[in-house]
Amino acid sequence: MSHDCSQPTIPDGIYPFDARGVARRLRHAAIFGALDSLHPGEIMRFCNDHDPLPLLAQIQHRYGPRVQAAYLAREAGHVVIDFLVTTH
């Protein structure tokens, strides 16, 4: 299933974050800031042009089980991941 990162209507509680528009040197700090602002049960829908494996490791280290990642799309040039914030 393909997901369009520019989709204008996103359900409540899902917040889009298109990393492609953020300068590389600011990207991880912006992502952590976005995740820090979410409440339990909310989702950040992350869009990128590559699979962010180092970022995923950093998120796991920083947040542990409080942030869960689920791929919606994992194709060359198009990656969409939902980051769910939990209460753990």
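Below or above, wherever it landed, is the structure these notes cover. Just so it is clear, the model here is predicted, and its values are computed rather than measured.

## Overview of the side chain of E42
Okay, so step 1: Within the secondary structure layout, E42 lies in the loop between α1 (24-37) and β2 (43-48).
Okay, so step 2: Within the buried core, E42 has no salt-bridge partner, and the shortest N-O distance to an opposite charge, that of R66, equals 13 Å.
Okay, so step 3: Looking at E42, its side chain comes within polar contact range of the main-chain nitrogen of H39, at 2.7 Å.
Okay, so step 4: The residues touching E42, leaving out its near neighbours within four places in the chain, are G13, Y15, S37, F83, L84 and V85.

## Focus: the sheet that holds β2
Working definition: the strands of a sheet are paired by backbone hydrogen bonds and lie parallel or antiparallel to each other.
Okay, so step 1: Strand order across the open sheet formed by four strands is β1-β2-β4-β3, with mixed pairing between neighbours. Strands with a single pairing partner mark the edges of an open sheet, and in this sheet they are β1 (14-18) and β3 (67-75). Strand-to-strand, the axes of this sheet are offset by a mean angle of 20°, without reference to chain direction.
Okay, so step 2: With eight bridges connecting them, β3 and strand β4 (residues 78-85) associate as antiparallel partners. The partner of A69 across the bridge, within β4, is F83.
Okay, so step 3: Contacting β1, β2, β3 and β4, α1 crosses the sheet at an angle of about 160° to β2.
Okay, so step 4: Its contacts with the sheet put helix α2 (residues 53-63) on β2, β3 and β4, and the angle it makes with β3 is roughly 170°.

Rules used throughout
- Residues numbered from 1 in each chain as written.
- Predicted model: local features only at pLDDT ≥ 70, side-chain atom pairs only at ≥ 80, totals over all residues.
- Heavy atoms only, no water.
- Helix = DSSP H or I, 4+ residues; strand = E, 2+ residues; numbered from the N terminus.
- Buried < 20%, exposed > 50% of the residue type's maximum accessible area, 1.4 Å probe, protein only.
- Lys, Arg positive; Asp, Glu negative; His and termini not counted.
- Salt bridge = Lys/Arg side-chain N within 4 Å of Asp/Glu carboxyl O.
- Polar contact = N/O pair within 3.5 Å; in protein donor to acceptor, adjacent residues only side chain to side chain.
- Contact = heavy atoms within 4.5 Å.
- Pairing = 2+ DSSP bridges.
- Axes fitted to C-alpha atoms, helices over the stretch in contact; angles between N-to-C directions.

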